[in-house]
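Secondary and tertiary structure notes
The residues making up each chain are set out below.
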Amino acid sequence: MANSILLIAEAHEGKLKKATLSALAAAREIAVRTSGNVVGLIAGHGIDGAAKELAAHGVRVLAADSAAFAHVLAETYGQLAAEAAKKTEATYVVAAATSIGKDVMPRVAARLGAGVASDVIGLSGEGATVHFRRAMWAGNAIATVEVTTPVKCVTVRATEFAAASAATGGSVEAFSFTPSAAKTKFVEFVPVKSARPELTEARAVVSGGRGTKGDFTLIEQLADELGAAVGASRAVVDAGWQPNDLQVGQTGKVVAPQLYIAIGISGAIQHLAGMKGSKTIVAINKDADAPIFQVADYGLVADLFKVVPELIAEIHKAKV
Amino acid sequence: MKILVTVKRVEDYESKIKVKPDKSWIVTEGVNCRANPFDEIAVEEALRLRDAAMPSEVVIVSCGSAAAATEIRSALAMGADRGVLVKFDGAGPQSLDPDAAARLLQKVIEKEKPDLVLMGKQAVDDDSNVTGQLLAEYLGWGQATFASKRESLESEEEKAKKPGIAIEGGTAKVWREVDGGLERLEVALPAIVTVDLRLNVPRYASLPNIMKAKKKPIDELSPVALGVDTTAKVRVLSVEAPPARAGGQKVPDVATLVQKLKTEAKVI
Ligand SMILES: Cc1cc2nc3c(=O)[nH]c(=O)nc-3n(C[C@H](O)[C@H](O)[C@H](O)COP(=O)(O)OP(=O)(O)OC[C@H]3O[C@@H](n4cnc5c(N)ncnc54)[C@H](O)[C@@H]3O)c2cc1C
Ligand SMILES: Nc1ncnc2c1ncn2[C@@H]1O[C@H](COP(=O)(O)O)[C@@H](O)[C@H]1O
């Protein structure tokens, strides 16, 4: 079982997270180049379905199903993943750069004496020598980095790797491990409820900025017309107009939909860092010199309160 | 209570960052430096917690070149009590990697024995978002990353300069920004808390405090004195400019926009 690539999978409400399949794509690429095998690790309470879903992608899955893992705590998940990495003689440990991946992976790395390349957007290097590409300085530079330790930990930006496809040969086996007591306790989770698609997975995203003056009615109507997710700039979230979870940017979510519509957003570098990878970008802003227009495929200089209602009507017409 | 806050000197996020022609690093000449914005939020939180639980002390630690004393001094001018500079001269691709920084901070913390360590969630130069978590594991401590406030930054709570982190009965209660919502954790002290943008709005240093800060002590340490090998676990081999987007096209009206989205971009 030497030379495995351990994939830390994530389940949410009993289902496999889509970002995990992007991380699997990266893990597979590493496995091919290093002649290794991908082994999945999934932890939680009641994760049978998610484990099988992952196995249906040709992965040998270790399932740690226990009340001890009902809530993700970096301390206990870190111990578990490091233990699984040792047992499977992993040379790489891979996870998606979600809030969980970011929280847990460095602790795994510290336990394994490994370096961690975070939020990786691509693999490079030759053959079995795998280097990682990652954005620095809010995406102003793309660095190629080398992890110099025998075991290498990696979190990957899900939007940069197409989800891995189904494959045969997978299996699920129970993995039992009792972590030492955590110094951290889960208290509660307050979800942001929305019937709209998830921001990082949506085909289209409509984002509003300070120009909306806090009224997201038009943004939401346009999003619903397009079946799109709603996003926001930091200014909007800081003001408490929209939940944190919707912030797009360097320090929020990174999105890369087919269509991104930025409305009343100036286009600060920190915002661009989170949406520049979108296929088609539309910007609506009343200031013709707003930097957002430099990255927009289609820019409309106008008052959003006047043109967004027109846009909703026109798109509605265009669809029928 | 003793609170230790880490502060990293980074390129100003308002500066234009360009890659060097030889791709070894970014151009640093003519680029201003300042404290990492997340670390300023950590300093602000430490000051609010200290002032709510006197007698307490806030110690600022930075690892970097002699120039990083400027950022420590800025935190002292905000109101922190004293500073520690772990002097390391490597620059550019030879700068400290997050792992080496975490191991240096570990040694400083083992000496200082704080009850709480506040850090930024991410340094806006390397954008790694790993140092706090590495440090927590090296120390064997609990962690709460991405600390936030439930109320908005324009709320009454924030205007009253209330701390967002609650210290009660030897624990820190923290709201965290996670995918899909907000999570509340309770972590036993001593602990590592890394802060997100919505925890508070940092104060500006007043003129009298800037004068006072000049007299506050900054101790100097070195990796050798701390017995830490600073060999990087993650090494930057090269940097390049991001792919440029050919934006810039303007459309005259909504009808044209929709027509182009339909026939040219084929996204609706
Ligand atoms: C450490 C750090 C991290 C950051 N991370 C992020 C991040 O992750 N994401 C992020 O978004 N930002 C981030 N920022 C903040 C960023 O620098 C900008 O301040 C922010 O993106 C601005 O938001 P905005 O475009 O909504 O507001 P503004 O910059 O105020 O722009 C509002 C725009 O609306 C336009 N407008 C106003 N009225 C109308 C109207 N009626 N019709 C049409 N247009 C109108 C204006 O012309 C203007 O261009 C970060 C900053 C720092 C320092
Ligand atoms: N050289 C350093 N000196 C002091 N603090 C640091 C240093 N490097 C990282 N940190 C702290 O760790 C946080 C996260 O950094 P990073 O993991 O590099 O994104 C920063 O916000 C700082 O608080």
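Residues numbered from 1 in each chain as written. Chains lettered and ligands numbered in written order. Predicted model: local features only at pLDDT ≥ 70, side-chain atom pairs only at ≥ 80, totals over all residues. Heavy atoms only, no water.

Considerations on the overall build of chain A
Across its full length, chain A holds eight helices and 17 strands. Computed over the C-alpha atoms, the radius of gyration of chain A is 21 Å, within 12% of the 20 Å expected from 2.2 N^0.38 for a compact globule of 320 residues. The contacts of chain A with a sequence gap of at least 6 include a subset with a gap of at least 24, amounting to 64%. With an accessible surface of roughly 12000 Å², chain A has 52% of that area assigned to carbon and sulfur atoms. Measuring between centres, the 31 positive side-chain charges of chain A sit 3 Å from its 30 negative side-chain charges. (Helix = DSSP H or I, 4+ residues; strand = E, 2+ residues; numbered from the N terminus. Rg over C-alpha atoms; globule rule 2.2 N^0.38 Å. Contact = heavy atoms within 4.5 Å. Areas by Shrake-Rupley, 256 points an atom, 1.4 Å probe, with all protein chains shown as cover. Lys, Arg positive; Asp, Glu negative; His and termini not counted. Charge placed at Lys NZ, Arg CZ, Asp CG, Glu CD.)

Looking at the site of ligand 1
Taken together, 28 residues lie around ligand 1, and Arg210(A), Ser233(A), Gln247(A), Ser266(A) and Gln270(A) are the ones closest in. Surrounding ligand 1 are residues belonging to chains A and B, so the site spans chains. One nitrogen or oxygen atom from the side chain of Ser266(A) is found 2.7 Å from an oxygen atom belonging to ligand 1. A distance of 2.8 Å separates an oxygen atom of ligand 1 from a polar side-chain atom of Asn285(A). The protein chains hide 85% of the 990 Å² of surface that ligand 1 would expose on its own. (Near = heavy atom within 4 Å. Polar contact = N/O pair within 3.5 Å; in protein donor to acceptor, adjacent residues only side chain to side chain.)

A few points about the domain arrangement of chain A
It is common to give the size of an interface as the accessible area that goes away when the parts come together. Residue and element names in this part refer to chain A. Segmentation of chain A into domains returns domain 1 (4-174) and domain 2 (204-319). Counting each side, the surface lost to burial between domain 1 and domain 2 is near 540 Å², with a carbon and sulfur contribution of 57%. Of all residues in domain 1, the largest losses of buried area upon contact with domain 2 belong to Ala 138, Arg 157 and Thr 159, amounting jointly to 73% of the total for that side. On the surface where domain 1 and domain 2 come into contact, there are zero residue pairs in polar contact (both at pLDDT 80 or more). Here the side of domain 1 that touches domain 2 is built from residues that sort into one nonpolar, three polar and one charged. (Domains from an automatic or database assignment. Buried area = accessible area lost by both parts, 1.4 Å probe. Nonpolar A, V, L, I, M, F, W, Y, C, P; charged D, E, K, R; others polar.)

Some words on the site of ligand 2
Residues and elements named next belong to chain B. The full set close to ligand 2 counts 19 residues, and Thr 6, Asp 39, Ala 123, Asn 129 and Thr 131 are the nearest of them. Backbone polar atom of Gly 120 to an oxygen atom of ligand 2: 3.2 Å apart, as the coordinates give it. Separating an oxygen atom of ligand 2 from a backbone N or O atom of Asn 129 is a distance of 2.8 Å. About the coverage of ligand 2: the protein hides 98% of its 480 Å² of free accessible area. Counting only elements with at least two residues in the shell around ligand 2, the list comes to β4 (57-64), α3 (98-112) and β6 (116-120). Ranked by residue count, the leading element in the shell around ligand 2 is β4, at three residues. Taken together, the residues of the shell around ligand 2 sort by class into eight nonpolar, eight polar and three charged.

Side note on the side chain of Glu225(A)
Its location among the elements puts Glu225(A) in helix α5 (residues 217-226). When sequence neighbours within four positions are dropped, the list of residues in contact with Glu225(A) reads Ile312(A), Ile315(A), His316(A) and Lys319(A).

Details of the sheet that holds strand β15 (residues 259-263) of chain A
With parallel pairing, five strands are arranged side by side in an open sheet as β14-β13-β15-β16-β17 (chain A). Bordering the open sheet on either side are β14 (229-232) and β17 (298-301) of chain A, each of which pairs with just one other strand. This sheet shows a mean twist of 15° between the axes of neighbouring strands, independent of strand direction. Both strand β13 (residues 204-208) of chain A and β15(A) contribute to a ladder of five bridges, which runs parallel. Among the inter-strand pairings, Ala204(A) is bridged to a residue of β15(A), identified as Leu259(A). Docked against the sheet, helix α8 (residues 254-263) of chain B engages β15, β16 (280-285) and β17 of chain A, running at close to 170° with respect to β17(A). (Pairing = 2+ DSSP bridges. Axes fitted to C-alpha atoms, helices over the stretch in contact; angles between N-to-C directions.)

Considering helix α3 (residues 74-87) of chain A
Think of an α-helix as 3.6 residues a turn; residues three or four steps apart then line up on the same face. All names here are of chain A. Look at α3: 20 Å from first C-alpha to last across 14 residues, which is about the 20 Å you get at 1.5 Å a residue. A large share of α3 lies buried, amounting to 11 of its 14 residues. Where α3 is concerned, the buried positions are Ala 74, Glu 75, Thr 76, Tyr 77, Gly 78, Gln 79, Leu 80, Ala 81, Ala 82, Ala 84 and Ala 85. (Expected span 1.5 Å × (residues − 1). Buried < 20%, exposed > 50% of the residue type's maximum accessible area, 1.4 Å probe, protein only.)

What to know about the sheet that holds strand β5 (residues 60-65) of chain A
Read from one edge of the open sheet, 10 strands run β11(A)-β5(A)-β4(A)-β1(A)-β6(A)-β10(A)-β7(A)-β8(A)-β9(A)-β13(B), paired in mixed fashion. If you trace the sheet from one side to the other, it starts and ends with β11 (171-174) of chain A together with β13 (234-240) of chain B, each paired once. Across the sheet, the mean angle separating the axes of adjacent strands is 35° when strand polarity is ignored. Across four bridges, strand β1 (residues 4-8) of chain A lies against strand β6 (residues 90-96) of chain A in parallel orientation. The residue bridging Ile5(A) from the neighbouring strand is Tyr92(A), located in β6(A). The sheet strands contacting helix α1 (residues 18-34) of chain A are β1, β4 (37-44), β6, β7 (115-124), β8 (131-136) and β10 (152-156) of chain A, and the helix crosses β6(A) at an angle near 155°. Its contacts with the sheet put α3(A) on β1, β4, β5 and β6 of chain A, and the angle it makes with β4(A) is roughly 150°.

Some points on the interface of chain B and chain A
Taken together, the 79 residues of chain B in the interface contact 87 residues of chain A. If you sort the residues of chain B by the area they bury against chain A, Glu137(B), Asp179(B) and Arg245(B) come out on top, with a joint share of 11%. At the junction of chain B and chain A, the tally comes to nine salt bridges. Between Asp179(B) and Lys253(A) there is a salt bridge, with the nearest N and O atoms lying 4.0 Å from each other. Put simply, chain B and chain A have 46 residue pairs in polar contact (both at pLDDT 80 or more) between them. Among the elements of the structure, α4 (131-139), β7 (142-148), β9 (171-178), β10 (181-188), β13 and α8 of chain B are those that each provide at least two residues to the side of chain B that touches chain A. Of the residues contributing to the side of chain B that touches chain A, the split by class is 38 nonpolar, 16 polar and 25 charged. (Salt bridge = Lys/Arg side-chain N within 4 Å of Asp/Glu carboxyl O.)

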